Each structure stands twice: as C-alpha cells, then as structure tokens.
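Residue strings, one per chain:
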Amino acid sequence: DAVWIKVPALSKTQWHPFSVASTPLETPGLLTIYVKSLGKWSAGLHHYIRECHEKNVQPIIYMDGGYTATAPISAAHSDVVFVGGGIGITPLMGQLVHVLRSHPSQNVWLVWNVRRKDMLVHFQSWLRHIQNVGGDRLRIRLQVTQEEVTEFGVASTDDIQSGQTFTGQQSLPRCFEGHGPNSAVEFRPYAHVSTIKRMVMLTLGFGFSCALVAIATYANRLTTATSAQWILLRVVQFCVVVVGCYLALLVTKFPKTLIPSSNDVIDHHDKAAMSSDDVDKHFEVQSGRADLSEIFQTVESGAQGSVAVYVCGPKSLIRSVDENAHGKFQVHHEDFEM
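For clarity, every value in this text was computed on a predicted model and none was experimentally measured. (Residues numbered from 1 in each chain as written. Predicted model: local features only at pLDDT ≥ 70, side-chain atom pairs only at ≥ 80, totals over all residues. Heavy atoms only, no water.)

Chemist: How do you make sense of the overall build of the chain when you look at a structure like this?
Modeler: Check the secondary structure of the chain and you find 10 helices and nine strands. By sequence separation, contacts in the chain at least 24 residues apart represent 73% of the contacts at least 6 residues apart. Only carbon and sulfur atoms are counted for the fraction: they give 54% of the accessible area of the chain, which is about 20100 Å². (Helix = DSSP H or I, 4+ residues; strand = E, 2+ residues; numbered from the N terminus. Contact = heavy atoms within 4.5 Å. Areas by Shrake-Rupley, 256 points an atom, 1.4 Å probe, with all protein chains shown as cover.)

Chemist: Which parts of the structure should I look at to understand the sheet that holds strand E2 (residues 16–19)?
Modeler: Consider a sheet: its strands pair through backbone hydrogen bonds, and that pairing is either parallel or antiparallel. Pairing within the open sheet is antiparallel, and its three strands lie in the order E2-E1-E3. In this open sheet, the two edge strands, each paired with only one partner strand, are E2 and strand E3 (62–65). In this sheet, neighbouring strand axes are inclined to one another by 35° on average, regardless of whether the strands run parallel or antiparallel. (Pairing = 2+ DSSP bridges. Axes fitted to C-alpha atoms, helices over the stretch in contact; angles between N-to-C directions.)

Chemist: Sorry if this is basic, but what is going on with the pairing of strand E8 (residues 307–312) here?
Modeler: Along a regular strand, successive side chains alternate from one face of the sheet to the other. Most of E8 sits out of view: six of its six residues are buried. Burial of E8 is two-sided: the residues Val 307, Val 309 and Val 311 facing one way and the residues Ala 308, Tyr 310 and Cys 312 facing the other way are all buried. Alignment of strand E4 (residues 79–85) against E8, held across six bridges, turns out to be parallel. Its bridge partner lying in E8, Phe 82 is registered against Tyr 310. Where E8 meets strand E9 (residues 330–333), four bridges bridge the pair, whose relative direction is parallel. (Buried < 20%, exposed > 50% of the residue type's maximum accessible area, 1.4 Å probe, protein only.)

Chemist: Explain the environment of Glu 294 to me, please; I cannot follow it from the model alone.
Modeler: By the secondary structure assignment, Glu 294 is in helix H9 (residues 292–302). On the basis of relative accessibility, which here comes to 32%, the residue Glu 294 falls in the partly exposed class. Note: C-alpha distance between Glu 294 and Asn 324 (30 residues apart in sequence) is 9.3 Å. A distance of 3.5 Å separates a polar atom in the side chain of Glu 294 from a polar atom in the side chain of Arg 141. (Polar contact = N/O pair within 3.5 Å; in protein donor to acceptor, adjacent residues only side chain to side chain.)

Chemist: Please explain the side chain of Arg 137 as it appears in this structure.
Modeler: Checked against the element boundaries, Arg 137 lands in the loop between helix H4 (124–134) and strand E6 (138–144). Of the side chains with opposite charge, Asp 136 lies nearest to the buried Arg 137, which makes no salt bridge, at 9.4 Å. For Arg 137, the side chain forms a polar contact with the main-chain oxygen of Leu 100, separated by 2.5 Å. If near-sequence neighbours (up to four positions away) are discounted, Arg 137 is found in contact with Val 99, Leu 100, His 103, Pro 104, Gln 106, Asn 107 and Val 108. (Lys, Arg positive; Asp, Glu negative; His and termini not counted. Salt bridge = Lys/Arg side-chain N within 4 Å of Asp/Glu carboxyl O.)

Chemist: Any chance you could explain the pairing of E6 here in plain terms?
Modeler: With respect to burial, E6 is a largely interior element, five of its seven residues being buried. Judged from the two bridges that link them, E6 and strand E7 (residues 286–287) form a sheet pairing that is parallel. The partner of Gln 143 across the bridge, within E7, is Gln 286.

Chemist: When you look at the sheet that holds E7 in this model, what are you seeing that I'm missing?
Modeler: Taken together, the six strands give an open sheet; going across it, the order is E7-E6-E5-E4-E8-E9, and neighbouring strands pair in parallel fashion. With partners counted over all chains shown, the strands left at the sheet margins are E7 and E9, one partner each. In the packing of helix H2 (residues 90–102) onto the sheet, the strands contacted are E4, strand E5 (107–114), E6 and E8, and the crossing angle to E4 comes to about 160°. Sheet contacts for H4: E5 and E6; angle to E6, the most-contacted strand, approximately 160°.

Chemist: Where do I start with the nonpolar core in this structure?
Modeler: Generally speaking, soluble globular proteins have nonpolar side chains that are buried together. Phe 82, Leu 110, Trp 112, Leu 120, Leu 127, Ile 130 and Leu 142 are the most contacted members of the largest nonpolar core, which has 34 residues in total. Secondary-structure elements contributing two or more residues to this core are E4, H2, E5, helix H3 (117–122), H4, E6, helix H8 (276–283) and E8. With six residues, the single largest contributor to this core is H2. Beyond its immediate sequence surroundings of up to four residues, Ile 130 is in contact with Leu 96, Val 97, Leu 100, Leu 110, Gly 135, Leu 138 and Ile 140. (Core = buried A, V, L, I, M, F, W, Y, C linked by side-chain atoms within 4.5 Å.)

Chemist: Is there a simple way to think about a nonpolar patch on the surface in this case?
Modeler: Together, Ile 196, Val 200, Leu 204 and Phe 208 line one region of the surface with nonpolar side chains, adding up to about 400 Å² of accessible area. Of note, Ile 196 is situated in helix H6 (residues 195–218). A relative accessible area of 66% places Ile 196 in the exposed class. (Patch = residues over 30% accessible without salt bridge, like charges linked within 9 Å, V, L, I, M, F, W, Y side chains within 5 Å.)

Chemist: Sorry if this is basic, but what is going on with the packing of H2 against H4 here?
Modeler: A pair of packed helices is characterised by two quantities: the angle between their axes and the separation of those axes. Where H2 meets H4, the closest approach of the two axes is 9 Å, and the angle between their N-to-C directions is 20°. With respect to each other, H2 and H4 are oriented roughly parallel. With respect to the hand of their crossing, H2 and H4 are arranged in left-handed fashion. Note on element contacts: H4 touches H2 through Trp 126, His 129, Ile 130, Val 133 and Gly 134, opposite Met 93, Leu 96, Val 97, Leu 100 and Arg 101. (Parallel < 35°, antiparallel > 145°, perpendicular 65-115°, else oblique. Left-handed = near helix turned anticlockwise from the far one by under 90°.)

Chemist: How should unusual backbone geometry be read in this particular structure?
Modeler: Peptide bonds are, in most cases, trans, and in most cases residues other than glycine have a negative phi. In this structure, Asn 56 takes a positive phi of about 60° despite not being glycine. For Asn 56, the position within the fold is in the loop between helix H1 (40–55) and E3. Overall, the relative accessible area of 71% leaves Asn 56 in the exposed class. A positive phi is found at Glu 284, a non-glycine position, where the angle reads about 55°. Mapped onto the secondary structure, Glu 284 falls in the loop between H8 and E7. Overall, the relative accessible area of 62% leaves Glu 284 in the exposed class.

Chemist: Honestly, the pattern of salt bridges in this entry has me stumped. Any pointers?
Modeler: Charged atoms that come close allow side chains of opposite charge to pair. Applying the stated criterion to the full structure yields four salt bridges. Between Asp 118 and Arg 116 there is a salt bridge; the shortest N-O distance is 3.7 Å. Overall, Asp 118 belongs to the buried group, its relative accessible area being 7%. When the shortest N-O distance is used, the salt bridge between Glu 294 and Arg 141 registers 3.5 Å. Here Glu 294 is found in helix H9, whereas its partner Arg 141 is found in strand E6, with 153 residues between them in sequence.

The following block contains the structure:
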C-alpha cells in the first residue's frame with residue numbers, strides 16, 4: 001500500500017508518495033514508512049523531525065491514502081520469494097512480515113540487493129526482527145553490489161549545523177522561524193478530518209445544544225410554574241446549555257485518531273546495534289549481485305507446491321526476475337515509483 005505525505009513546514013502544496021512498510025497484524029493503528037534523503041524535500045523532512053525532537057514538540061504531518069493495493073498472497077503457495085533492490089524493499093517489508101504472521105506453513109525467502117552495506121546496517125533491527133519471527137522457515141540472502149562510500153541517510157555535523165542537505169548544495173528550511181525557543185507548535189484542530197465533515201460535526205453539536213434548550217423550555221413542567229420559580233427555570237436552562245456544549249465537544253472528537261499504546265508498538269531499533277562487520281557475519285552478506293538463476297533453482301528443488309515471487313526495485317532487477325522465473329513461478333511486480 002502507499003500513502004501521500006504533506007509537511008506544511010516544508011511546503012504548503014507538495015504531497016509525496018511513500019510505501020507502507022508495516023502490517024496491521026503487528027502494529028494495529030500504526031503504520032511505518034521509510035524516507036531516504038535524496039533531495040531538498042526529504043532532507044528537509046529529516047531536519048524538521050530532528051528539530052521537533054530537540055524542541056519537544058509534535059511534528060505536523062498530513063497523510064492521505066492508501067491508494068495502491070498490494071498483490072494478494074495466497075496461502076496455497078508452499079514458498080514465497082521476495083526480491084528487493086535498494087530502498088525498493090519497503091513495499092515488500094509489510095507483506096513479508098504479514099506472511100510470516102498469517103501463513104505459518106509457508107517458507108519465505110528474502111533476496112535483497114543493496115549498493116552499500118550501510119543500508120543493511122541501518123535496517124539491521126528489522127532484519128533481526130523477521131529472523132526471530134520467521135525462524136527456520138525464513139531464508140535471507142543479502143547482497144552488496146558496491147564498496148562503502150558514505151553513511152546511509154546520515155548528514156555530517158557541519159551539514160546539520162549549517163542547514164545544508166547531504167549534498168551540501170541546497171539549504172534546508174527554517175521550520176521554526178518566528179517561534180520562540182520555548183514555544184510549541186500546536187496541532188491544527190481536527191486536521192485528520194475533511195472540511196465538510198468538520199462542518200457537519202459542528203452543526204450537529206450546535207443542534208444538540210439548541211434541542212436540549214428547547215426541550216427544557218417548552219416541554220418541561222417548569223413552563224407552567226409560577227413567576228416566583230423563574231430562577232429555577234433559568235438554572236435548568238443553564239445546566240442544559242452546559243450539557244449541550246459537552247455533547248457538542250464529544251461529537252467533534254469523532255472520528256478520533258487511533259493512537260496505539262506502547263504495548264502495540266514494536267520497536268525495531270535495538271539499543272545494542274551491530275557494527276558493519278557484525279552484520280556481515282550474522283547475515284552472511286555476500287558481494288556482487290544475487291544469482292537469481294541459482295536461487296530460483298534452490299527454491300524450486302525444495303518447494304512442495306507452487307511458488308510465488310514478489311519483486312520491487314530497479315527495472316534491471318525486475319527484468320532479471322522475469323527472465324529467470326518465467327514459466328516456473330508466479331511473478332508479481334510491486335509498484336515503488338508513482
């Protein structure tokens with residue numbers, strides 16, 4: 001699945017699509033997306049989130065989606081192979097965990113080509129998590145195609161302080177310009193609800209209050225009371241208005257954004273992170289591109305039934321999968337670029 005993200009602090013009009021990299025089977029009410037710094041907007045997002053953490057305020061982010069449904073994974077397959085290239089692994093991450101959680105009889109294969117090892121180091125917690133979930137029925141094949149150059153998604157200290165992107169050519173936006181050092185950015189009320197729904201909710205709330213006042217005034221025995229009891233009538237009307245306001249408040253709270261509890265959130269960021277060499281040894285990382293012909297032969301020889309292949313990444317990787325799996329497996333392409 002995919003969602004569109006807008007960050008008003010960066011742009012009032014730009015919406016950017018991102019793949020959902022989680023499954024509701026693990027984190028109901030919470031979704032995960034990964035943003036790699038590739039340009040001014042994504043670098044600005046990293047900078048903005050960092051500033052929000054430093055100032056202890058909530059970032060204001062709008063989300064719209066989802067729009068692209070992922071290909072269904074049948075439980076009838078004996079083996080499911082996920083082939084990803086680089087950051088294109090993100091559309092497959094949620095599907096892979098979903099299969100591990102919902103199809104306990106299926107064997108799962110993960111083949112992931114990355115240019116540099118630092119991406120594997122960055123995602124090591126997720127890799128260790130799926131290892132724990134999948135156990136013996138999960139087989140992981142990680143390939144590094146280039147030598148190490150830079151740290152993945154991490155800017156230097158000088159770049160952060162000077163407000164430069166990772167290329168050092170574009171300036172990042174000053175997300176909190178005009179705010180005091182201790183001021184907080186407040187949530188926009190009902191930001192998760194459309195304008196029409198907001199108007200409907202407020203109208204219903206106002207209607208509740210007016211209806212209760214009318215009932216208290218015209219459908220109550222106090223209307224026949226003597227003039228000496230007018231104080232009691234006004235007290236009742238005042239209480240009814242207060243109750244109506246509370247009902248209006250309750251109405252405007254719905255639909256309420258679901259905020260998962262700490263027990264619902266699975267933290268993939270281990271405190272004891274492994275070094276690059278440890279990742280090499282633990283996952284048996286290999287150099288060069290994955291030999292898909294050899295991998296598919298291994299899968300086919302051990303499969304007890306049909307095999308499905310899900311691929312996402314560069315076009316060259318997709319073509320290679322199609323050539324090697326043609327006539328053998330059911331191949332599904334996941335969209336990464338929108």
